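Here is how the chains run, residue by residue.
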Amino acid sequence: MNLEIIHTTRYTYDCPVQLHPHLLYLRPRENSLLHVESFELFLQPAGTIHWMRDDFDNIPASIHYAAISDVLEIRSECVVKTTDLAPFDFMVRDYARTFPFAYEALHQFNLSLYLAPPPADVQEALEAWLKSRFIYRPTDTVAWLFALIRTLNENVRYERRDEQGIQEPLETIKLNSGSCRDYATLFVACARTMGMAARFVSGYLYDPGLDPSLPGDMHAWVEVFLPGAGWRGIDPTYGIFCHNYYVPVAHAVVAESINPIQGSFYSSAPVLATLTSDVRIRPITTTGKSPTAAANPAAPVMGSQSNSQNLSTDAGGLA
């Protein structure tokens, strides 16, 4: 499937500000099942783009601005080809086919960051919360994992949150509600508490049932490491294993590392900033584009959200 993704973020300030360098996690990660056919960045004001690899081998763009401006607009346009049609098309090593299992020594070493459990009091609270909800626990590892996904999906109510930040797992189970990023953070904490390596993923999800006239958002989900199968995507918000509608952009140990847009600004006087964000995803039959990166003025977008002086412009967009 070829998907076209257009993601626009716009900040307006009530007086000109000095923009500090920004880090953009917007370019999808390529792998054997996902190819980036084209990718372009449009910036207002213009900036210098430096591509880099971060400590998790993601590919963010580092943007440096010279101009003082009362507008910051970032638009990315890309076309990706996805082929991950069969989410259960994998084999698990014999020793890991039943759960619980212990990762072999090399995996224990390589995955240590993704196995680090939350603090003891958080583990205790999560175990108590799961005890009365995660009743059916199959011994087959994949079935166990699917049952855990369904447990979170059925016991946490989805609630869109436009404000910045991520709920701590204990806050999510206290409220029994959260956004996609809160579901993912809770699942990572539960998985690590029970001994399974897990990491947070930020990216895009094509939803064919979404009204194309309405603005969308980025999405958040999880990857777990299964010996023999590697990192497998799962989405506790929808209660499913990921497939070719999912387009990962970045992954990390903690969600805060990969906020899609990170940066700040300076002003000697108090400044009111307004944020608008818009994501459009649609299937296409042909790309008609070539891989490139540019820096040009971008077009206006819809929606609004408040921000304030000198705060990081971490437009998560992970509703």
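Residues numbered from 1 in each chain as written. Predicted model: local features only at pLDDT ≥ 70, side-chain atom pairs only at ≥ 80, totals over all residues. Heavy atoms only, no water.

(A) View of the confidence of the model for the protein. Per-residue pLDDT for the protein averages 88, and the proportion of residues at 70 or more is 88%. Of all the helices and strands in the protein, strand S17 (residues 305-308) carries the lowest mean pLDDT, 29, while helix H2 (residues 112-115) carries the highest, 98. Contacts of residues 287-316 to residues separated by more than four positions or lying in other chains number 103 contacts, the stretch itself having pLDDT below 50. (pLDDT = per-residue confidence, 0-100. Helix = DSSP H or I, 4+ residues; strand = E, 2+ residues; numbered from the N terminus. Contact = heavy atoms within 4.5 Å.)

(B) Inspection of helix H6 (residues 180-193) at higher detail. Spanning 14 residues, H6 covers 20 Å between terminal C-alpha atoms, matching the ideal 20 Å at 1.5 Å per step. Phi turns positive, to about 95 degrees, at Gly195, one or two residues after H6. (Expected span 1.5 Å × (residues − 1).)

(C) Summary view of the sheet that holds strand S12 (residues 240-241). Pairing is antiparallel in the open sheet, where five strands are placed in the order S12-S11-S10-S9-S13. In the strand order of this sheet, the two ends are held by S12 and strand S13 (246-252), each with one partner. In this sheet, strand S10 (residues 219-226) lies alongside strand S9 (residues 198-205) in antiparallel orientation, the contact comprising six bridges. Across the sheet, Ser202 pairs through a bridge with Ala220, a residue of S10. (Pairing = 2+ DSSP bridges.)

(D) Summary view of the packing of aromatic side chains. Applying the stated rule across the entire model yields 16 aromatic pairs. Residues Tyr95 and Phe101 carry aromatic rings whose centres are separated by 6.2 Å and whose planes lie at 80 degrees to one another, so their mutual orientation is edge-to-face. Tyr95 sits in the partly exposed class, given a relative accessible area of 29%. Where Tyr103 meets Phe225, the ring centres are 6.4 Å apart and the plane angle is 45 degrees; that geometry is what we call tilted. Here Phe225 lies in strand S10 and Tyr103 lies in the loop between strand S6 (68-82) and helix H1 (105-110), a separation of 122 residues in the sequence. Residue placement shows Arg75 over the ring face of Phe42; its charged tip is 4.3 Å from the ring centre. Above the face of the Tyr114 ring, Arg199 is positioned so that its terminal group lies 6.0 Å from the ring centre. (Phe/Tyr/Trp six-rings, centres within 6.5 Å; stacked < 30°, edge-to-face > 60°. Buried < 20%, exposed > 50% of the residue type's maximum accessible area, 1.4 Å probe, protein only. Lys NZ or Arg CZ within 6 Å of the ring centre and 35° of its normal.)

(E) Seen up close, the sheet that holds strand S14 (residues 261-262). If you trace the four strands from one edge of the open sheet to the other, you get S4-S5-S2-S14, paired in antiparallel fashion. In this open sheet, the two strands that pair with only one neighbour each are strand S4 (48-51) and S14. Examined bridge by bridge, strand S2 (residues 22-24) and S14 share two bridges and lie antiparallel to one another. Bridge pairing links Leu23 to Gln262 in S14.

(F) Broad picture of the nonpolar core. Counting residues in each nonpolar core, the largest one holds 84 residues, and the members touching the most others are Tyr13, Ile74, Leu145, Phe187, Met196, Tyr204 and Val224. Looking at this core element by element, the count peaks at nine residues for H6. Apart from the residues within four sequence positions on either side, Ile74 is in contact with His7, Thr8, Thr9, Leu24, Leu26, Leu41, Phe42, Leu43, Tyr65 and Ile261. (Core = buried A, V, L, I, M, F, W, Y, C linked by side-chain atoms within 4.5 Å.)

(G) Local environment of unusual backbone geometry. The omega torsion across Gln44 and Pro45 is 0 degrees, close enough to zero to call that bond cis. Topologically, Pro45 is positioned in the loop between strand S3 (34-44) and S4. Across the junction of Phe99 and Pro100, the peptide omega takes the value 10 degrees, indicating a cis bond. Summarising the element assignment, Pro100 is placed in the loop between S6 and H1. Notably, Asn176 is not glycine yet its phi reads approximately 55 degrees, a positive angle. Structurally, Asn176 can be placed in the loop between helix H5 (169-175) and strand S8 (177-178). Asn176 gets classed as partly exposed once you look at its relative accessible area, which sits at 26%.

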